[in-house]
Amino acid sequence: MQFFAVVTGLIHLEMLPFLFFPGGDSLSWIFQAFFSLIFVVFVFYGQRIQMYIMIREIQGSLLRLKFIRDEGRKIALKTIKEIGKSEVDPAERVDRFLEYVTIRPESMDPAGIVWKLEHILDVREERFKDEVKLMAPAADETNINNLENTLEAAAALNFIYKVIRHFYLLGKKTLSLYIIMQIQMILPLIMREAEAYASALKAFSYGQPIGDGAGALVVAKLMYGRRKRKIEKDCVVAKISIEGRTAYVIKAEGPGGNVGKPGEAIKRVIEENDGKISTVIMIDAALKLEGEKPGEIAEGVGAAIGGPGTEQYKIENSILKYKIPIHAVLIKEDIGDAVSPMRKEIFEATEAAVERVKCVIKEKTKEGDTIIVAGIGNTIGVGQ
Amino acid sequence: MNDETDTTARKISSIVIIVIIVALALSLSALYQAYDLFINEDPTMGLWLLIGFIGLALSTYMLLQTRSRMKRFTLKTPPITTTIICSKCGFKNVRNFERGDYILKKLDSCSKCKGTLMISAIYRKVDEKGKELKIFS
Ligand SMILES: [Zn+2]
């Protein structure tokens, strides 16, 4: 609004007709009246006009969100029908799935909340898996994991759409500038996230590797062709020798969509070796900042793992107990790349990351040491 | 925002486009009128000029907006390629991704040397749209 006031103040709109009609005939009077009217309208209704423009903008994005959500549901349903070969139509069950909510544990007394959260997430996953098995009785373990991931992405899209719709309708109803403005301001970021989920959904439904799986892929390359065993929970571990060191390499078990519980696995391996581990190296995909190149590799210290935080907590706890140093090798990518089919740049970066891991091992440990190398991320489309 | 919005939106958009084109034609004719009056040194030329420009600006703006909105209504599928190599003779084959492929999957034996084939890579190629400023890299 201030903008218009400044502009009108600068060029003296009332004077404008006289530029065109120096004579001051009747037409110029009409013109002057017209400009005065515009001025008055903008003074009193400027904010409202701006608000309607914002609402229109939100409406456009909402239409797009609805399209994405519907498309996501369609893809999920099609994949379930294709793989599951269920006799009954899974549509109703899928729609029910899209509405599932997970209630976070109360954090007023935060002691022990990690275990409460983990328990809730375990129950959730169990429930999701059962649900998918009912929807798609013919699916094998890999496909069940992929379908579960697909449905979770569809549920996330549904949730985003509904939240934005809520604020859109609320804004229209109340005509409150603050409600409309706050949603309009974060809309570009939300749309980016929704697009990312949409491409994730497609990748999951086909079982294609995604950018987030870069860490798992690095470790898969290390353990390829070696003897592996399963370890808690949904993870595999192989005992291999790298540069004269004994390395336990851990990743989630592929090729189904699965992140496993690497925290649990690392803890188990440390316990098995009575804490005689000289270092832990974690490899994960990390969010890049705008301007950084996708596939850049960064090093650091600390537990490189995302998710709800329960696994990071467990890893930090178990390395603290034996005072084991922890190093991280990160592959940079943006949120869109992290959940869409793996980019060529990121795939190539995993080759470089393997070398970088060997570098870190040579620099930070001595020959004969025992180490843990953990590849973190969703291992969809990546074997071992 | 109910289920009818999709179809109604499409119906409206064609009407909107016709209206925009008519407005465009009218504003162009207003500009022509202004030119005519300018030749005859008529003082009302300014009014026509103003109407013409405002109409032109508004209608092109609307046209661009509806176009960009329609373009955005698709989900793009990038091509995903699967690379297969033979560990023995180095035979390499690149094909489109098929359901069931995964990295490090063992396939049946090589047609040339009876060695084992393995999927070595699955990725998508991205064409960088819009080069970023070199100064900041
Ligand atoms: Zn061969």
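Everything quoted here is computed from the prediction, not taken from an experiment. (Residues numbered from 1 in each chain as written. Chains lettered and ligands numbered in written order. Predicted model: local features only at pLDDT ≥ 70, side-chain atom pairs only at ≥ 80, totals over all residues. Heavy atoms only, no water.)

Trainee: Hey, could you run me through the overall build of chain A in this one?
Mentor: Check the secondary structure of chain A and you find 12 helices and seven strands. Expected size for 384 residues packed as a compact globule is a radius of gyration near 21 Å; at 28 Å, chain A overshoots this value by more than 25%. Considered along the principal axes of its C-alpha atoms, chain A spans approximately 100 × 55 × 45 Å. Long-range contacts, defined as pairs at least 24 residues apart, comprise 77% of the intrachain contacts of chain A with a sequence gap of at least 6. Looking at chain A as shown, the accessible area adds up to about 18,900 Å², and 58% of this sits on carbon and sulfur atoms. (Helix = DSSP H or I, 4+ residues; strand = E, 2+ residues; numbered from the N terminus. Rg over C-alpha atoms; globule rule 2.2 N^0.38 Å. Contact = heavy atoms within 4.5 Å. Areas by Shrake-Rupley, 256 points an atom, 1.4 Å probe, with all protein chains shown as cover.)

Trainee: Is there a simple way to think about the pattern of salt bridges in this case?
Mentor: Residue and element names in this part refer to chain A. The tally for this structure, following the rule as stated, stands at 30 salt bridges over all chains. Put simply, E71 and K74 hold a salt bridge, and the shortest N to O gap is 3.6 Å. With E71 and K74 both in helix α3 (residues 26-84) and three residues apart, the pair spans about one turn of that helix. Residue classification places E71 among the partly exposed positions, given a relative accessible area of 22%. On the accessibility criterion, K74 (53% relative accessible area) is exposed. (Salt bridge = Lys/Arg side-chain N within 4 Å of Asp/Glu carboxyl O. Buried < 20%, exposed > 50% of the residue type's maximum accessible area, 1.4 Å probe, protein only.)

Trainee: What should I look at first to understand the domain arrangement of chain A in this one?
Mentor: Interfaces are often sized by the accessible area lost when the parts come together. Residue and element names in this part refer to chain A. One can read the domain layout of chain A as domain 1 (57-206) and domain 2 (211-375). Computed over C-alpha atoms only, the centres of domain 1 and domain 2 are separated by 28 Å. Contact with domain 1, which involves 17 residues of that partner, is made by 20 residues of domain 2. Counting the surface domain 1 buries against domain 2, the share from its top three residues, V114, E118 and R192, is 29%. Counting the contacts that link domain 1 with domain 2 gives five salt bridges. On inspection of domain 1 and its partner domain 2, the count reaches five residue pairs in polar contact (both at pLDDT 80 or more). Secondary structure elements with two or more residues in the side of domain 1 that touches domain 2: α5 (113-135), α6 (141-174) and α7 (177-206). In terms of residue count, α5 provides more of the side of domain 1 that touches domain 2 than any other element does, seven residues in total. (Domains from an automatic or database assignment. Buried area = accessible area lost by both parts, 1.4 Å probe. Polar contact = N/O pair within 3.5 Å; in protein donor to acceptor, adjacent residues only side chain to side chain.)

Trainee: Can you walk me through the sheet that holds strand β1 (residues 80-86) of chain B in this structure?
Mentor: Backbone hydrogen bonds are what pair the strands of a sheet, in a parallel or an antiparallel way. Residues and elements named next belong to chain B. Strand order in the open sheet made by the four strands is β2-β1-β4-β3, with antiparallel pairing throughout. Strands with a single pairing partner mark the edges of an open sheet, and in this sheet they are β2 (92-96) and β3 (106-109). In this sheet, neighbouring strand axes are inclined to one another by 30° on average, regardless of whether the strands run parallel or antiparallel. The sheet contact formed by β1 and strand β4 (residues 116-124) spans seven bridges and is antiparallel. Residue C86 lies in a different strand from β4, and its bridge partner there is L117. (Pairing = 2+ DSSP bridges. Axes fitted to C-alpha atoms, helices over the stretch in contact; angles between N-to-C directions.)

Trainee: What am I meant to see in the side chain of T379(A) here?
Mentor: All names here are of chain A. Residue placement: T379 occurs in the segment after β7 (370-375). On the basis of relative accessible area, T379 is assigned to the buried category, the value being 0%. Not counting residues within four places of it along the chain, the set of residues in contact with T379 comprises A216, K251, A252, E253, G254, P255, G256 and N258.

Trainee: I keep staring at the coordination of the zinc ion and nothing clicks. Help me out?
Mentor: Residue and element names in this part refer to chain B. Donor atoms from the polypeptide that bind the zinc ion are C86 (SG), C89 (SG), C110 (SG) and C113 (SG), placed at 2.3 to 2.4 Å. Given four donor atoms and angles of 102 to 117° at the metal, the environment of the zinc ion is assigned as tetrahedral. Read N to C, the donor residues that coordinate the zinc ion are spaced as C-x2-C-x20-C-x2-C. With C86 in strand β1 and C113 in the loop between β3 and β4, this residue pair connects regions lying 27 residues apart in the sequence. For C86, a relative accessible area of 2% gives the class buried. (Donors = N, O, S within 2.8 Å, 3.2 Å for Na, K, Ca; no water. Tetrahedral: all angles 85-135°; square planar, octahedral: opposite > 155°, others 65-115°.)

Trainee: Any chance you could explain the pairing of β1(B) here in plain terms?
Mentor: Along any regular strand, the residues point their side chains to alternate faces of the sheet. Residues and elements named next belong to chain B. Counting buried positions over the seven residues of β1 gives five, a clear majority of the element. Relative to β2, β1 runs antiparallel, the two sharing five bridges. If you follow I84 over to β2, its bridge partner there is N93. As consecutive antiparallel partners, β1 and β2 are separated by five residues, and within that stretch G90 has a phi angle of approximately 75°, a positive value.

Trainee: I'm lost on the interface of chain B and chain A in this one. Help?
Mentor: Counting from both sides, the interface comprises 37 residues of chain B and, opposite them, 45 residues of chain A. Across the contact surface, chain B and chain A share two salt bridges. For the interface between chain B and chain A, the tally reads nine residue pairs in polar contact (both at pLDDT 80 or more). Listing elements by their share of the side of chain B that touches chain A, those giving two or more residues are α1 (5-39), α2 (45-71) and β4 of chain B. Of all the elements, β4(B) adds the most residues to the side of chain B that touches chain A, at six residues. Its residues assigned to classes, the side of chain B that touches chain A comprises 16 nonpolar, nine polar and 12 charged. (Nonpolar A, V, L, I, M, F, W, Y, C, P; charged D, E, K, R; others polar.)

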